[in-house]
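Single-letter residue listing:
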Protein chains: 2
Amino acid sequence: MSPGSGLPRVVVVGAGFGGLAVARGLAKAPVDVLVLDRENYHAFLPLLYQVATSGLSAQDITYPVRSILSRIPNARFRMVEIAGGHLGERYVETKVGERIPYDVLVVAAGSTTEFFGNASVERYAFCMHHLQEALELRNHALAALERADASKGPERQALLGFVVVGGGPTGVELAGMLAEMRRHVVPRDFPDLADGMRVILLEGRDRLLAGLPPSLSQRALAQIRELGVEVRLNTFVDQVSPEGVQLQGAGWIQARTVVWATGVRGAPLGEELGLTTDRSGRIVVESTLEVERHPEVYVIGDLARVRGLEALPQVAPVAIQQGQRVAGNLERRIRGEPPLPFTYRDRGTMATIGRNRAVAHVFGREIAGRRAWWVWLLVHLIFLVGFRNRSVVFLNWTYHYLTYDLGLRAIVGPRRRQG
Amino acid sequence: MSPGSGLPRVVVVGAGFGGLAVARGLAKAPVDVLVLDRENYHAFLPLLYQVATSGLSAQDITYPVRSILSRIPNARFRMVEIAGGHLGERYVETKVGERIPYDVLVVAAGSTTEFFGNASVERYAFCMHHLQEALELRNHALAALERADASKGPERQALLGFVVVGGGPTGVELAGMLAEMRRHVVPRDFPDLADGMRVILLEGRDRLLAGLPPSLSQRALAQIRELGVEVRLNTFVDQVSPEGVQLQGAGWIQARTVVWATGVRGAPLGEELGLTTDRSGRIVVESTLEVERHPEVYVIGDLARVRGLEALPQVAPVAIQQGQRVAGNLERRIRGEPPLPFTYRDRGTMATIGRNRAVAHVFGREIAGRRAWWVWLLVHLIFLVGFRNRSVVFLNWTYHYLTYDLGLRAIVGPRRRQG
């Protein structure tokens, strides 16, 4: 019971797509919902790569959690970082030791970067999981161009090398944006550097975008090569250093900017709560999304591994549908009905590659090129939370489309080591 | 002579309003212009207080210097920090020891915060001179509200205290925005905190906005008090601590957020170049804006103190007009004509206080209230550099005006101590 209202208290850890879907789904249920997140904003992470390449600002893809929840009368928010808890005594614990009790717990803490134990990657590569990381990457890349403009010879060459590791959607989208920057922004802002910038995309498998049908992988490969990205398939990273990437087998690529856009690991909360996790840190749950022997604890989104299903993609639609399922099952429980198993309704997958270039697999149809790009644009605008963000993003994109410019190139905010 | 073209090389230190006015003014002159700045962007600092209060994002008030200069064929840019030089040998020196030679030097390095030797202010108060500082203040203020929501008693009271020191335009605008936040955002996002937040504005003189006629100071005082700001005139700060402000004489104000919006000091470059400065660090120049005995060195903007004139306000119009004067005098010199003295054409002063509240003194007329606010809005939109920024800012303001919301409340980027 929640102290204030006497209603059961549902604590949701994480204000991402999954956590917010739970809060929305429970808007009319006789429960109190408390959403916890270590940040005060919800981030639209599918567009993170645009922040990393100065197409959008951090504020364009974020929205205050409190503003979202203010429309849900039975939901409240607290900005705290959860670092453990006790399932038997039904509380979660913040990093500073405060205990927050629950009647029902929904763990929607998302994912983080998987380095596969490679310390050199963890130390020297840029990641693409959090907003802060995207800003670090953006500021680093812009500063590298500035320094390249004042350098010569091998120093300049190293500063102009940009390696993206991972040929999934994030890697492809990021490499595509860097290539657009190379074609349209660099010649204008840094005329001396026009020919020197290299964008290299490394993928371990034999094709890009392995989640899509092979024919679309082919189309994507052709489109991204047209943009001038050097794609290397069947290629694995051995070590990353401040100077570049050592490949497995042989091969060395000189580059001061290396982005690790591969490898997803469940947030550490699973282990901190003492729950059973798979080898990528995801918490194993029943088909109803409940934790075994703890039917009052649900796990959804990137952090959930549903027993008996193959591993689902760690994308927003899965998290949202799981959040809706949990809200539905909670309402069923209140009505005394048995829970329903989660089934994923895959509406499609898409990836943008650059201006007028994208691939999409939607409702069983494969489309590529300009048409796929417009579909991508529309879908992302529709799903972007909040009126203001939607119109600002639309304005930025219109501006970018008409002028070939990426306007947000001020080096503001987080900076990491000068590589 | 500049190595490449054989034309005289004009080095401009600082890409603020003054420095850019010089580059623009010399667009058709037979010279090479090299603009230097430690940041890669021009910041529209008159709107900095909006960034500090989540009305605008950092990117909304910045614009890449390279984009601005790309329209000026004889101007180039380098991102470097200048930390000295030698007037006799005609070079400036970067922080890392690189020497950049010039034929003509324009020092437009702006100003920084004057702490009047009070170490407690320097250590604990937030400043409003640089973009980074505005972001620190914003993130601190938003985090203070989050923490207040989870606190009780004196702890909550301290977190809800916001003190602004200085009743000039920056202090008034900042206090006004904080009061708007208290009225419109806090009740929605933090219903429990609705009555607790205090905004206190301290001013040492007997009126606000001393640069305006006394009748407008009265109007401003009435308007800002209507908004709920506690104004204390004839009040001086003795010490700032993490817990609040000790006033001179007597009095203590509990507040975890203290903003130092008073005191302007010339950037240290004047002293680093060994030039004569006044007691606020401004470089003393002749009426032609030349340095005595160094007619090839000009100083403009916040950093210039024109001999024989009373100290001019450190605002954008002065810097722009001085930049235009320097460009004109350089062209005159090339034509063999004597330089003209600088005269300031004061078109007016204004300050916004809040929604529909402002005061303006333009072309000798005094206006206040809604009309002054619209004038302020129009003037600032017109002068904001760049199409994208103008439309994004307009959109943000329209949204804010219609919804009473301040949309950019994601805590992203620079954070300082947890106060």
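Everything quoted here is computed from the prediction, not taken from an experiment.

Colleague: Where do I start with the overall build of chain A in this structure?
Modeller: A tally of regular secondary structure across chain A gives 12 helices and 26 strands. Computed over the C-alpha atoms, the radius of gyration of chain A is 22 Å, within 12% of the 22 Å expected from 2.2 N^0.38 for a compact globule of 419 residues. Within chain A, the fraction of its 419 residues that count as buried is 53%. Looking at chain A alone, contacts between residues at least 24 apart form 64% of all its contacts between residues at least 6 apart.

Colleague: Could you clarify how one ought to interpret the packing of helix α1 (residues 17-25) of chain B against helix α10 (residues 316-334) of chain B in this entry?
Modeller: To describe two helices that pack against each other, one gives the angle between their axes and the distance between the axes. Residues and elements named next belong to chain B. One can describe the packing of α1 onto α10 by two numbers: an axis separation of 7 Å at closest approach and a directional angle of 30°. Classified by the angle their axes make, α1 and α10 are roughly parallel. Seen from above, α1 lies across α10 with right-handed handedness. Judged by residue contacts, F17, G18, G19, A21, V22 and G25 of α1 engage A316, A319, I320, Q322, G323, Q324, V326, A327 and G328 from α10. Looking at side-chain class alone, the contact of α1 with α10 contains eight nonpolar, seven polar and no charged residues.

Colleague: Got a minute to help me understand the nonpolar core in this structure?
Modeller: Proteins that are soluble and globular tend to have nonpolar side chains buried together. Counting 274 residues, the largest nonpolar core has A:V106, A:V107, A:V259, B:V106, B:V107 and B:V259 as its most contacted members. Discounting chain neighbours no more than four positions away, the residues touching A:V106 are A:V10, A:V12, A:V13, A:G19, A:V22, A:Y298, A:I300 and A:V326.

Colleague: Sorry, what's going on with the sheet that holds strand β9 (residues 104-107) of chain B here?
Modeller: Working definition: the strands of a sheet are paired by backbone hydrogen bonds and lie parallel or antiparallel to each other. All names here are of chain B. What the six strands build is an open sheet, ordered β5-β2-β1-β9-β22-β21; its pairing is mixed. Among the strands making up the open sheet, the edge pair consists of β5 (75-79) and β21 (290-291). The sheet contact formed by strand β1 (residues 9-13) and strand β2 (residues 32-37) spans five bridges and is parallel. Across the sheet, residue V13 finds its bridge partner in β2, namely L36.

Colleague: Looking at this structure, I do not really get the sheet that holds strand β13 (residues 198-202) of chain A. What am I missing?
Modeller: Residue and element names in this part refer to chain A. Pairing is parallel across the open sheet formed by five strands, whose spatial order is β11-β18-β12-β13-β14. Both outer strands of the open sheet, β11 (126-127) and β14 (230-232), are each paired with one neighbouring strand and no more. As judged from the three bridges shared by β13 and β14, these two strands associate in the parallel manner. From the neighbouring strand, L201 faces β14, where its bridge partner is V231.

Colleague: Could you clarify how one ought to interpret the domain arrangement of chain A in this entry?
Modeller: Residues and elements named next belong to chain A. Domain boundaries in chain A define domain 1 (9-38 + 80-113 + 264-334) and domain 2 (119-262 + 349-403). In this structure, domain 1 and domain 2 have C-alpha centres spaced 32 Å apart. Taken together, the contact pairs four residues of domain 1 with four residues of domain 2. Looking at the side of domain 1 that touches domain 2 residue by residue, the class counts come to one nonpolar, three polar and no charged.

Colleague: Help me understand helix α11 (residues 370-383) of chain A, please; the structure alone is not making it clear to me.
Modeller: Helical geometry: 3.6 residues make up each α-helical turn, so side chains three or four residues apart lie on a common side. Residue and element names in this part refer to chain A. With 14 residues, α11 extends 20 Å from end C-alpha to end C-alpha; this agrees with the ideal 20 Å at 1.5 Å per step. All of the buried residues in α11 are A372, W373 and W376. An end-on view of α11 places all buried positions within 100° of arc, on one side of the element. What points out from α11, more than 90 degrees from its buried face, is the exposed set R370, R371, L378 and I382. Turning to α11, the residues buried within the fold contact β24 (348-354), β25 (357-362) and β26 (365-368).

Colleague: Explain the environment of A:V92 to me, please; I cannot follow it from the model alone.
Modeller: Residue and element names in this part refer to chain A. Among the secondary structure elements, V92 is positioned in strand β7 (residues 91-94). A sequence separation of 13 residues divides V92 from L105, and the C-alpha atoms of the two residues are 8.7 Å apart. Here V92 is in contact with V11, V13, I82, G85, I100, Y102 and L105, once residues within four sequence places are set aside.

Colleague: I keep staring at the pairing of β2(B) and nothing clicks. Help me out?
Modeller: Moving residue by residue along a regular strand, the side chains alternate between the two faces of the sheet. All names here are of chain B. Counting buried residues along β2, six of its six residues qualify, which places the element largely inside the surrounding structure. What you see with β2 is no split at all: D32, L34 and L36 on one side and V33, V35 and D37 on the other are buried throughout. The parallel pair β1 and β2, bridged by α1, forms a crossover whose chirality is right-handed. By the bridge criterion, five bridges tie β2 to β5 in an arrangement that is parallel. The partner of D37 across the bridge, within β5, is M79.

Colleague: When you look at the environment of A:P191 in this model, what are you seeing that I'm missing?
Modeller: Within the fold, A:P191 resides in the loop between α7 (169-189) and β13. For the pair A:P191 and A:L159, spaced 32 residues apart in sequence, the C-alpha to C-alpha distance is 15 Å.

Colleague: What am I meant to see in the confidence of the model for chain A here?
Modeller: When pLDDT drops low, the exact placement of atoms in the prediction is not to be read closely. In the predicted model, chain A carries a mean pLDDT of 91, and the fraction of residues at 70 or more is 93%. Overall fold confidence for the complex sits at a pTM of 0.89, while the interface term, ipTM, reaches 0.85.

Colleague: I would appreciate a short explanation of unusual backbone geometry in the present structure.
Modeller: Comment: phi is negative for the bulk of residues other than glycine, and the bulk of peptide bonds are trans. Residues and elements named next belong to chain B. Positive phi is not limited to glycine here, since L209 has a value of about 45°. The topology assignment puts L209 in the loop between β13 (198-202) and α8 (214-226). Within the chain, R293 stands out as a residue other than glycine whose phi angle is a positive 65°.

Colleague: Just checking my understanding: could you explain the pairing of β13(A) for this structure?
Modeller: Residues and elements named next belong to chain A. In terms of burial, β13 is a largely internal element, four of the five residues being buried. As defined by bridge partners, strand β12 (residues 161-165) adjoins β13 across five bridges and the pair is classed as parallel. Bridging from a neighbouring strand, V163 pairs with I200 of β13. Considered for its hand, the β-α-β crossover made up of β12, α7 and β13 is right-handed. Between the parallel elements β13 and β14, the chain passes through helix α8 (residues 214-226) in a crossover that is right-handed.

Conventions used here
Residues numbered from 1 in each chain as written. Chains lettered and ligands numbered in written order. Predicted model: local features only at pLDDT ≥ 70, side-chain atom pairs only at ≥ 80, totals over all residues. Helix = DSSP H or I, 4+ residues; strand = E, 2+ residues; numbered from the N terminus. Rg over C-alpha atoms; globule rule 2.2 N^0.38 Å. Buried ≥ 20, exposed ≤ 12 C-beta atoms within 10 Å, placed from the backbone. Contact = placed C-beta atoms within 7 Å. Axes fitted to C-alpha atoms, helices over the stretch in contact; angles between N-to-C directions. Parallel < 35°, antiparallel > 145°, perpendicular 65-115°, else oblique. Left-handed = near helix turned anticlockwise from the far one by under 90°. Nonpolar A, V, L, I, M, F, W, Y, C, P; charged D, E, K, R; others polar. Core = buried A, V, L, I, M, F, W, Y, C linked by C-beta atoms within 7 Å. Pairing = 2+ DSSP bridges. Domains from an automatic or database assignment. Expected span 1.5 Å × (residues − 1). Arc of directions from axis to C-beta. Right-handed = clockwise from strand over helix to strand, strands pointing away. pLDDT = per-residue confidence, 0-100.

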